[in-house]
Amino acid sequence: MKCEYCGKPVKEGDQYCQNCGAKIKGASAASNTAATAAAGTAAPKTEKKKMSPGKIILIVFLCATLLVGVVVGGIIAMFRAVAKSVDFDEVISGIEDYDFDDFDDFDFSDDDYDDSIDKWFSQHFDTDDNDDINDSPFDRSNNGPSDAYDGTENFAPGKTDKKTGAYESEYANLAFQLPASWHVFTDTEIAKLYSDEGVDKSAANNKLYVYDFYAEDSLTGNMVYIKFYNKDYFSEYKDLTAVNDAIRDSAMEFAKRYKVDYAEDSSITLNGEKYNQLACRISGEDVLAYQYDFTRDLGDYYMHIEIFAYDLDDVGEIIDTLNAKG
Amino acid sequence: MNYAEMSRAELKAEQEQCLHEYYNFKARGLKLDMSRGKPSEGQIKEVLGMLDVMNSKTAYKTEEGINVLNYGCPDGLPECKQFFGDILGVPAEKVFVGGNSSLSLMFDYIMLCYAKGASETSKPWIMQGDVKFLCPSPGYDRHFAICEYLGIKMIPVRMTETGPDMDQVEALVRDPLVKGMFCVPKYSNPTGITYSDETVKRLAKMETADDFRIIWDNAYCIHDLFGREDKLLEMLGECETAGNPNRAVEFCSTSKISFSGSGIAALAANAENLARIKNYYARMTIGYDKANQFRHVLYFRDLKGIKDHMAILSDIISPRFEVVLGALESQLSGLGIAKWSSPNGGYFISLDVMPGCATRVYELCKEGGVKLTNVGATFPYGKDPEDSNIRIAPTFPSLEELSDATELLVISVKLAALEKLLGEGKTQI
């Protein structure tokens, strides 16, 4: 018996052609019942007929062809050479025991991992040409002015303990250490900030625009930084009011999506030093955050501390920390 | 008047009139495209705000402190899993968030079953002989392309007003070599049909091979139009209730919600299937684009947020559907030469012209300056056995363009039918 539509053989009792799906003429409810009975009431099993040796050879050949095809079209000549000598059954059975959940527990901050990434990069890219990474002009290991230093003799960078993250600056009159969950930015990460903000390298190198400290709380996303602006370089900042206006303008970026409410300007005293205080609340359906900016005039520089936190209590705790010297 | 009731002279007069209209249209030299379901510029503009929600000042950590720019969460940000779980009506723990394409998730899943088996205890499909997939037709050409690529035999299944012909499906799946089936259960591509409760329950309950899997492509799960919404039973739950918890894997994406090239795709599956899928992806990737996941969650926030956005998109898309449906209704209704779907959502209108005429309609439209989806694309192997189905994609052109394109389409449908009824072969155009 053949399907009238596609011409392929159909089994007695079939209602529809197993090749093209067409309804078979003459198939009745009775034949359907017979077919059901023949198939049994349980779910059909996937048990297969024993394959002939010829078919096995054919399948092995096809699999091998497919494998070679994937490898050839796939990656690179080296992979191809390796693939030919690999026992794929062994590889596959090995990776089947892999526990996916372990992946979540993998410590990507592990030094060995970082080293392996660095090694990979150095092997694959000419990192010598990448100033932002290797030849950072912001490398503060020099801890002093470069040859091109110009007019910032009175600025003294703070020191951050690489192990504890504790920050100390006689110049800013601050000495504090944030809790362990806070990540204090490394020199490289701060260099990245300059790069992202498009800061002229010499300006950063010559301490005309300085992120002296930058940290984020990995638990809450809260953030705090300490920044200095050289007055000669930032000539548009005629006075502290201009700095405050610029800070306020910058915060208004949030106003595109969120409601930004500024409190009246006030002042705050940290470690005996008086700062201007700008405080705003950023709110929306999906966020409630607070930004506090403290500024003061240091003569050659304006100093700026910013706190960004998702909880008002957190702001208070950060201020207490900054005020540790009392 | 129904063409079948017209005399030969009346048919000739009608043909003369249609040819006159056709030549007038052709002389305008338009170049219009109704071939693919692409979002319009207007739709994309509505979501541009998403590009502003993340910048260098954004706290790029989730509420749980996950850094969205670093490694981790290979199965997706918890917030994003919850987001898609809410959209699909399943718990977040059943969700895996992928890249920007649900089609690639589907391809990967079929490849997993094909090369490694659908379950721990079943043989890979490739080792079981000439395995087959059921393909409700007309359907989605890119589904069919997966099977064609892998050499999986496709068996067309007739679509009805309530989904695939379940009598046909239940008979065909008794063959243990039938390993899967594609389903676009809500606002089906291209017919716009939503599967009835009975269809969903029968799919969940029917007797199949143990390693049979339904590719439940819920691409249009929240793509309602005209303020109406079809209801669809939640498939994973139905499968569990029916005692076949592994039967279906569900897919969706935001491709036609946010950015068609930069959206997010996700799948949902029961624990056993999901473990197998995660295990597979662990070899392939250390995780998809979490920044994009974060951006989507920040922008849409939750189910209500994305539904509000879909209402805005509906205001853009619905008039386009109305233009096409209005023209079909006013120009073709009662002629007995075509029937079409009037969906409550989705992206397409399915037009069935007289058997043997679809290719001719395509040719006439192309010659007149309107590109339609290739005839046959909505059937396995690109062959429409009736040469009847045409998929209309009204979302991309402007309303004006769409009005023009539909005008030509209607004339072409009439001309093709008249050529067939008059039996004088193709008219020289």
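Since the structure is predicted, the reported quantities are computational estimates derived from the model, not experimental observations. (Residues numbered from 1 in each chain as written. Chains lettered and ligands numbered in written order. Predicted model: local features only at pLDDT ≥ 70, side-chain atom pairs only at ≥ 80, totals over all residues. Heavy atoms only, no water.)

Enquirer: Give me the lowdown on the confidence of the model for chain A, citing residues and values where you can.
Expert: Residues and elements named next belong to chain A. Across chain A, the average pLDDT comes to 70, with 61% of residues at or above 70. The least confident element of chain A is helix α1 (residues 29-39), whose mean pLDDT is 34; the most confident is strand β3 (residues 174-176), at 95. In this model, residues 75-114 is a region of pLDDT below 50 whose contacts with residues beyond four sequence positions or in other chains number 33 contacts. Predicted confidence is poor over residues 120-149, with pLDDT under 50, and the contacts of this stretch with residues over four places away or in other chains come to 35 contacts. (pLDDT = per-residue confidence, 0-100. Helix = DSSP H or I, 4+ residues; strand = E, 2+ residues; numbered from the N terminus. Contact = heavy atoms within 4.5 Å.)

Enquirer: Talk me through the pattern of salt bridges; I want residue IDs and the actual numbers.
Expert: Residue and element names in this part refer to chain B. As enumerated under the stated definition, the model contains 32 salt bridges over all chains in all. Ionic pairing is found between glutamate 363 and arginine 360, a salt bridge with its closest N-O pair at 3.2 Å. With glutamate 363 and arginine 360 both in helix α12 (residues 358-368) and 3 residues apart, this pair spans about one turn of that helix. Salt bridges sharing common partners tie together Lys186, Asp224, Glu229, Lys231 and Lys307. (Salt bridge = Lys/Arg side-chain N within 4 Å of Asp/Glu carboxyl O.)

Enquirer: Mind laying out a negative patch on the surface, listing which residues take part and the relevant values?
Expert: On the surface, a cluster of negative charge is contributed by A:Asp311, A:Asp313, A:Glu317 and A:Asp320. Here A:Asp320 lies in helix α10 (residues 312-322). (Patch = residues over 30% accessible without salt bridge, like charges linked within 9 Å, V, L, I, M, F, W, Y side chains within 5 Å. Areas by Shrake-Rupley, 256 points an atom, 1.4 Å probe, with all protein chains shown as cover. Lys, Arg positive; Asp, Glu negative; His and termini not counted. Charge placed at Lys NZ, Arg CZ, Asp CG, Glu CD.)

Enquirer: Tell me about empty space enclosed by the protein, and name the residues and values.
Expert: Left-over empty space is what a probe sized like a water molecule reveals as it rolls over the atoms. Residues and elements named next belong to chain B. As enumerated under the stated definition, the model contains 4 cavities of 30 Å³ or more in all. Quantified by volume, the largest cavity comes out at close to 80 Å³. What lines the largest cavity is a set of 13 residues, and nearest its centre among them are Pro136, Gly139, Phe182, Cys183 and Val184. Going through the elements one at a time, α5 (141-150) and β6 (178-183) are the ones with two or more residues in the lining of the largest cavity. Considering only residue class, the lining of the largest cavity consists of 9 nonpolar, 4 polar and no charged. (1 Å grid on protein atoms, 1.4 Å probe; cavity = no way out; pocket = protein on both sides within 12 Å on 5 of 7 lines; lining within 4 Å. Points joined across faces, edges and corners; volume = space filled by probe spheres on them. Nonpolar A, V, L, I, M, F, W, Y, C, P; charged D, E, K, R; others polar.)

Enquirer: Which residues make up the sheet that holds strand β2 (residues 95-97) of chain B, and what are the values?
Expert: All names here are of chain B. Read across the open sheet, the 8 strands follow the order β2-β9-β8-β7-β6-β3-β4-β5; overall the sheet is mixed. Of all strands in the sheet, those with a lone pairing partner are β2 and β5 (163-164), marking the two edges. The strands that helix α3 (residues 78-88) touches are β2, β8 (248-253) and β9 (265-268); relative to β2, the one it contacts most, it runs at about 120 degrees. Together, β2, β3 (132-137), β6, β7 (213-217), β8 and β9 form the strand contacts of helix α4 (residues 102-116), whose direction differs from that of β8 by roughly 155 degrees. (Pairing = 2+ DSSP bridges. Axes fitted to C-alpha atoms, helices over the stretch in contact; angles between N-to-C directions.)

Enquirer: Describe the pairing of strand β5 (residues 209-217) of chain A, listing the residues and the values that go with them.
Expert: All names here are of chain A. Within β5, 9 of the 9 residues are buried, which leaves the element mostly enclosed by the surrounding structure. For strand β4 (residues 182-184) and β5, the ladder comprises 3 bridges, and the chain directions are antiparallel. Bridging from a neighbouring strand, valine 184 pairs with alanine 215 of β5. With antiparallel pairing between neighbouring strands as the criterion, β5 and strand β6 (residues 223-230) make up a hairpin whose turn holds 5 residues, including glycine 221 at a positive phi of roughly 85 degrees. (Buried < 20%, exposed > 50% of the residue type's maximum accessible area, 1.4 Å probe, protein only.)

Enquirer: So what about the sheet that holds strand β2 (residues 167-169) of chain A? Which residues, and what values?
Expert: All names here are of chain A. Strand order in the open sheet made by the 3 strands is β1-β2-β3, with antiparallel pairing throughout. The sheet is open, and its two borders are formed by β1 (159-160) and β3, each paired with just one other strand. As defined by bridge partners, β1 adjoins β2 across 2 bridges and the pair is classed as antiparallel. What sits directly across from lysine 159, in β2, is glutamate 168.

Enquirer: Give a description of the packing of helix α1 (residues 8-26) of chain B against helix α13 (residues 399-422) of chain B that names residues and reports values.
Expert: Residue and element names in this part refer to chain B. Contact geometry for α1 and α13: axes closest at 9 Å, N-to-C directions at 145 degrees. The hand of the α1/α13 crossing is left-handed. Taken together, the residues of α13 that come into contact with α1 (itself represented by Arg8, Leu11, Lys12, Glu14, Gln15, Cys18, Leu19, Glu21, Tyr22 and Phe25) are Asp404, Glu407, Leu408, Ile411, Ser412, Lys414, Leu415, Leu418, Glu419, Leu421 and Leu422. When its residues are assigned to classes, the contact of α1 with α13 shows 11 nonpolar, 2 polar and 8 charged. (Left-handed = near helix turned anticlockwise from the far one by under 90°.)

Enquirer: Talk me through the environment of B:Thr191; I want residue IDs and the actual numbers.
Expert: Residues and elements named next belong to chain B. For threonine 191, the position within the fold is in the loop between β6 and α7 (197-205). Sequence separation between threonine 191 and glycine 163 is 28 residues; the distance between their C-alpha atoms is 9.5 Å. Contacts of threonine 191, omitting those with residues within four sequence positions, involve Pro138, Met159, Ser341 and Ser350.

Enquirer: Which residues make up unusual backbone geometry, and what values go with them?
Expert: All names here are of chain B. The residue after serine 137, namely proline 138, is reached through a cis peptide bond having omega 5 degrees. Among the structural elements, proline 138 can be located in the loop between β3 and α5. With omega at 5 degrees, the peptide bond leading from asparagine 189 into proline 190 counts as cis. You can see proline 190 is positioned in the loop between β6 and α7.

Enquirer: Lay out the nonpolar core in plain terms, naming residues and giving numbers.
Expert: One finds B:Phe84, B:Leu203 and B:Leu351 to be the most contacted residues of the largest nonpolar core, which totals 114 residues. Here this core gets 12 residues from one element, more than from any other, and that element is α13(B). Counting contributing residues, this core receives three or more from each of domain 1 (3-44 + 307-422) and domain 2 (61-300) of chain B. Discounting chain neighbours no more than four positions away, the residues touching B:Leu351 are B:Leu328, B:Ala338, B:Lys339, B:Trp340, B:Ser388, B:Asn389, B:Ile390, B:Ile392, B:Leu409 and B:Val413. Within the second largest apolar cluster, 60 residues are counted, among which are A:Leu178, A:Val243, A:Ala279 and A:Tyr301. (Core = buried A, V, L, I, M, F, W, Y, C linked by side-chain atoms within 4.5 Å. Domains from an automatic or database assignment.)

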